[in-house]
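Observations on chain architecture
The primary structure of each chain is shown beneath.
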Amino acid sequence: QVQLVESGGGLVQPGGSLRLSCAASGSIFSFNVMGWYRQAPGKEREWVAEVTRGNATNYADSVKGRFTISRDNAKNSVYLQMNSLKPEDTAVYSCKMNIRTLPLRPPLDYWGQGTQVTVSS
C-alpha cells in the first residue's frame, strides 16, 4: 500500500510565499512523473505543475514564473515552491505520483489528501 502525505499549506498574504511538500511511503519500487493539482471552491480540479523522471518540468500558464516544482527521489518526495502568491491561487492543493510498486506491475497514480492554501490580506 502506498500513501502520500502533503504538508506546508496555510494562510499567506498576497505577494507571499509557501512551500508545499508531499512524501510517499509504503511499498515503492520506482517513481515516474510527479505533479501538483489544485481545486478552488466551486471549480474543477486543475493541473498546476509536473516533474518527470528526467527532471523536466512543466507548468500551467497561470503559475509559470511564480511556482517551482522539484523532486527528491531519495526522500520519496515532491515539492512546490510558490512565490508571489495571489488570491486566485487559493485552493486545496494535492500531489499525485505515478508509482510502480513491483518490477513487473504497471505503475499506478496515487494521490495525497490535499492541503489548503489561502491567499488573503
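Residues numbered from 1 in each chain as written. Predicted model: local features only at pLDDT ≥ 70, side-chain atom pairs only at ≥ 80, totals over all residues. Heavy atoms only, no water.

**A closer look at the state of the cysteines**
Considering all chains together, one arrives at one disulfide under this definition. Here cysteine 22 engages in a disulfide with cysteine 95; their sulfurs sit 1.9 Å apart. Measuring handedness by torsion sign, the sulfur bridge of cysteine 22 and cysteine 95 sits at about 50° and is right-handed. Of the two residues, cysteine 22 sits in strand β3 (residues 18–26) while cysteine 95 sits in strand β9 (residues 91–100), which places them 73 residues apart along the sequence. Judged by its relative accessible area of 0%, cysteine 95 falls in the buried class. (Disulfide = S-S within 2.5 Å. Helix = DSSP H or I, 4+ residues; strand = E, 2+ residues; numbered from the N terminus. Buried < 20%, exposed > 50% of the residue type's maximum accessible area, 1.4 Å probe, protein only.)

**Re the pattern of salt bridges**
According to the stated counting rule, one finds five salt bridges in the structure shown. For lysine 64, the salt bridge goes to aspartate 61, with nearest N and O atoms at 3.1 Å. Several salt bridges converge on common partners, so that one network encompasses Arg38, Glu46, Arg66 and Asp89. (Salt bridge = Lys/Arg side-chain N within 4 Å of Asp/Glu carboxyl O.)

**A word on the sheet that holds strand β1 (residues 2–7)**
Reading across from one edge, β1-β3-β8-β7 is the order of the four strands in this open sheet, with antiparallel pairing throughout. A strand with exactly one partner marks an edge of an open sheet, and here the two such strands are β1 and β7 (67–72). Between one strand axis and the next, the sheet turns by 15° as a mean value, whatever way the strands run. In terms of strand pairing, β1 meets β3 through six bridges, oriented antiparallel. Bridge pairing links serine 7 to serine 21 in β3. (Pairing = 2+ DSSP bridges. Axes fitted to C-alpha atoms, helices over the stretch in contact; angles between N-to-C directions.)

**With respect to the packing of aromatic side chains**
In the structure shown here, the tally under the stated rule is one aromatic pair. The aromatic ring of tryptophan 111 is capped on one face by arginine 45, whose charged end is 3.8 Å from the ring centroid. (Phe/Tyr/Trp six-rings, centres within 6.5 Å; stacked < 30°, edge-to-face > 60°. Lys NZ or Arg CZ within 6 Å of the ring centre and 35° of its normal.)

**Considerations on the environment of glycine 35**
Mapped onto the elements, glycine 35 comes out in strand β4 (residues 30–39). Each C-alpha atom, one on glycine 35 and one on valine 2, is 16 Å from the other, the two residues being 33 residues apart in sequence. For glycine 35, the contacting residues outside a window of four places in its chain are Ala49, Glu50, Ile69, Ser94, Cys95 and Lys96. (Contact = heavy atoms within 4.5 Å.)

**A few points about the side chain of glutamate 6**
Secondary-structure assignment places glutamate 6 in strand β1. Arginine 45 provides the closest opposite charge to the buried, unpaired glutamate 6, separated from it by 8.7 Å. A polar atom in the side chain of glutamate 6 sits 2.8 Å from the backbone nitrogen of cysteine 95. A polar contact is formed between the side chain of glutamate 6 and the backbone nitrogen of glutamine 113, at a distance of 3.0 Å. Discounting residues that sit within four places of it in the chain, glutamate 6 has contacts with Ser21, Cys22, Trp36, Tyr93, Ser94, Cys95, Gly112, Gln113, Gly114 and Thr115. (Lys, Arg positive; Asp, Glu negative; His and termini not counted. Polar contact = N/O pair within 3.5 Å; in protein donor to acceptor, adjacent residues only side chain to side chain.)

**Structural notes on the side chain of serine 77**
Along the chain, the position of serine 77 falls in strand β8 (residues 77–82). In this structure the side chain of serine 77 is engaged in a polar contact, spanning 2.8 Å, whose partner is the backbone oxygen of lysine 75. Excluding residues that lie within four positions of it along the chain, serine 77 makes contacts with Cys22, Ala23, Met34, Arg71, Asp72 and Met97.

**Let's talk about the pairing of β8**
In terms of burial, β8 is largely enclosed, as five of its six residues are buried. One ladder, built from six bridges, connects β3 with β8; its direction is antiparallel. Bridged to cysteine 22 within β8 is valine 78. Bridging between β7 and β8 involves six bridges; their strand directions are antiparallel. By the bridge assignment for β8, threonine 68 is matched with glutamine 81.

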